[in-house]
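# Structure assessment
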Amino acid sequence: MHTLNLDSEEHLSPTYAGRSFSHDIPKYRLPTEGVVAEAAYQLIHDELNLDGNPALNLASFVTSWMEPQADRLAAETLAKNLIDQDEYPQSEVIHQRVVSMIGRLFHAPAHQRPTGTATIGSSEAIMLAMLAHKRTWQRRREAAGLAADRPNMVMGADVHTCWEKFARYFEVEARVVPMEEGRYTIGAEEVEPLLDERTIAVAGLLGTTFTGQMDDLRSIDALLTRVATEPGWQIPLHIDAASGGFIVPFARPEEEWDFRLPSVRSINVSNHKFGLVYPGMGTVIFRDASDLPEELVFHINYLGGDMPNYSLNFSRPSSSVILQYFAFLRLGRSGYEQIVATVLENAQALAKKLGAIDGLGLLTDGSEFPIVALRASDPLATDLTQLSHLLRERGWIVPAYTLPPNAEHITVLRMVVKENFSRDMVDMLAHDVGVSMRNLAQGSRPHRARRRPVC
Ligand SMILES: Cc1ncc(COP(=O)(O)O)c(C=O)c1O
C-alpha cells in the first residue's frame, strides 16, 4: 500500500544527452506525451539498477533464476489469461496436469477425490484452504443445530504473516502457541490445550519462515485423529508446505508429513520457492472434493463453457503454471532430487563455515532444509542487524530479524540457500561474514532489527 503522491511535480531528467528524450518526464503524473519504446525501456532499466541483485539475495525463498527456455516460455504465455479456460483450453489441461503431479507427490489418496488449484502463492492457497475449512465447520455446526459463530484456529507463532492476515480478514480467532527459548516450532503438547469444538483447523508447518524447522506434524496428527472420535471434533490439519513441499519429498521421501497422515485435509506449497519457478505460483490441494464446499466454487460461463473457479482473484497470466510444467518435464524426479541434495550440501557447508566464526552460533545447520539461521553467542557483543548492514555493503542480502513471541529477545541472521548459490559463493559469503565480524568487533553503531523475515 502506498499513500498517493498528489503534490509532487518532480520530474525524471533523463541523461543520454537528449538522444532519446527531448523533455523531462513527470514522476507522479501521467506524462502528456509518450516516448519511444527503447527510451522508456532504458529509463526504467537504469532506475531498476538500484534494486538488489537477486543472485546475492539470501533473504528470499523465491526463485530468481530459470533456464533461458523457461524465459522464452514465460514471454510466450504472459499474454494468456489463465482464467480464460475456454479460450486457452490447453493451458487449462496443463494446469490440471501440474496440480495432479503435485497431488501425487504429496500422496493424495487415489480412493478419494483429491482436488486442487494453482494460486498466486502460498498466501492465497492458505486463505482458500482455511475458508473451505471454516465453511465446512459452519455447515456441520448448523446441521447439528449448534451455534456457528466464533470460529477459531490453532497455530504456532512460527507461522508466516499470511496466517494472521487470514484470521483478521476472515474473522477467525487465531489461537497462537508462543515460542520459547530453544523451541521455535509446535507439537501436540502445545496444541491440545487450545483446541475446542469451535476449532476449524490446526496449522502445521513443513519449514518455518523464521528458522526453517518443522512442526511436530506426526504428534499433531495423532492428537487430531484421537480427538476426532468425539462428536463434533473433526478438526482438519492443514500443512503449510510453502518451502518444504518441494524439499522433503525429494530429500526424505519416507518422511510422513502429507496426506499419508490421516487428519491432513489440505496442503499448500509455494511453487515459486523450491518448485523452482519465478514468483507468482502456489498450489492448494484438498484430500477430497468434500473438503471444499461446492457453494464456494464459482461456475463462470460468460467466457464460454462452464469454468469452475476457486480463487480470491480472477485474472492472472498463465505463465507461472506453464513454467512449473516446464520445470517438471525438464527436471523429473531425479533432477529435483539432485538439486535438493546440492542445496542441502551447500547449506551445510555454509553452516559449518559460519558456525566456526567466533561470536556466532548455529540455530539450524542446513541439514533438514537449505536454511541456515545463526544467532550471536553474546548478543551484547555482536549486533546481527549491523552485521546484516555490513554484508549489504558488499552486495549480500542477508536479513536479521527477531523471532516471534515469546522468543522476540533473540535476533537471528537467516540465509536461504537456493539452486543458483554455488559452493564458490558459500566460500565468498563465509569470508565476508568473517571480515564483517572483525569490523564489527572494532565498533560501529547499532541498528534496529526487522520484526519479520522476508519470504
Ligand atoms: C511457511 C510460509 N507460509 C506461507 C508463506 C507465504 O508464501 P507466498 O509468498 O507464496 O504467498 C511463506 C513465505 O515465505 C512461508 O515461508
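What counts, and at which threshold
- Residues numbered from 1 in each chain as written.
- Predicted model: local features only at pLDDT ≥ 70, side-chain atom pairs only at ≥ 80, totals over all residues.
- Heavy atoms only, no water.
- Salt bridge = Lys/Arg side-chain N within 4 Å of Asp/Glu carboxyl O.
- Helix = DSSP H or I, 4+ residues; strand = E, 2+ residues; numbered from the N terminus.
- Buried < 20%, exposed > 50% of the residue type's maximum accessible area, 1.4 Å probe, protein only.
- Axes fitted to C-alpha atoms, helices over the stretch in contact; angles between N-to-C directions.
- Parallel < 35°, antiparallel > 145°, perpendicular 65-115°, else oblique.
- Left-handed = near helix turned anticlockwise from the far one by under 90°.
- Contact = heavy atoms within 4.5 Å.
- Nonpolar A, V, L, I, M, F, W, Y, C, P; charged D, E, K, R; others polar.
- Domains from an automatic or database assignment.
- Pairing = 2+ DSSP bridges.
- Phe/Tyr/Trp six-rings, centres within 6.5 Å; stacked < 30°, edge-to-face > 60°.
- Lys NZ or Arg CZ within 6 Å of the ring centre and 35° of its normal.

This part covers the pattern of salt bridges. The tally for this structure, following the rule as stated, stands at 24 salt bridges. Between Arg 139 and Glu 295 there is a salt bridge whose closest N-O contact spans 2.8 Å. Residue Arg 139 is found in helix H4 (residues 122-143), and its partner Glu 295 is found in the loop between strand E9 (282-286) and strand E10 (298-300); the two are separated by 156 residues along the sequence. Using a relative accessible area of 41% as the deciding quantity, one classes Glu 295 as partly exposed. A salt bridge links Glu 337 to Arg 333, with the shortest nitrogen-to-oxygen separation between them at 3.5 Å. Of this pair, Glu 337 and Arg 333 both sit in helix H9 (residues 319-355), four residues apart, which is roughly one turn of the helix.

Axis separation between H4 and helix H5 (residues 161-169) bottoms out at 10 Å; the angle between their running directions is 40 degrees. On the basis of the axis angle, H4 is oblique to H5. Along this stretch, H4 crosses H5, giving a crossing that reads as right-handed. Here H4 contributes Ser 123, Ile 126, Met 127, Met 130 and Leu 131 to the contact with H5, which in turn contributes Cys 162, Trp 163, Lys 165 and Phe 166. In terms of residue class, the contact of H4 with H5 is built from seven nonpolar, one polar and one charged.

This part is about the domain arrangement of the protein. The domains assigned to the protein are domain 1 (1-51), domain 2 (72-326) and domain 3 (332-441). Of note, the centres of domain 1 and domain 3, computed from C-alpha atoms alone, are 38 Å apart.

What follows is about the sheet that holds strand E13 (residues 371-376). Strands in a sheet are paired, the pairing made by backbone hydrogen bonds, and the direction either parallel or antiparallel. A sheet is described by the order of its strands in space; here four strands give the open sequence E12-E13-E15-E14, paired in antiparallel fashion. With one partner strand each, in any of the chains shown, strand E12 (360-365) and strand E14 (400-402) form the two edges of the open sheet. Pairs of neighbouring strands in the sheet enclose a mean axial angle of 35 degrees, with direction left out of account. The sheet contacts of H9 involve E12, E13 and strand E15 (411-416), and relative to E12 the element is tilted by about 160 degrees.

On to the packing of aromatic side chains. In the structure shown here, the tally under the stated rule is nine aromatic pairs. Three or more aromatic residues joined by ring pairs form one cluster here, namely Phe 246, Phe 250, Phe 328 and Tyr 336. Note that Arg 252 overlies the ring of Phe 369, its terminal NZ or CZ placed 5.9 Å from the centroid. Stacked on the ring of Phe 61, the Lys or Arg Lys 273 has its end atom at 5.4 Å from the ring centre.

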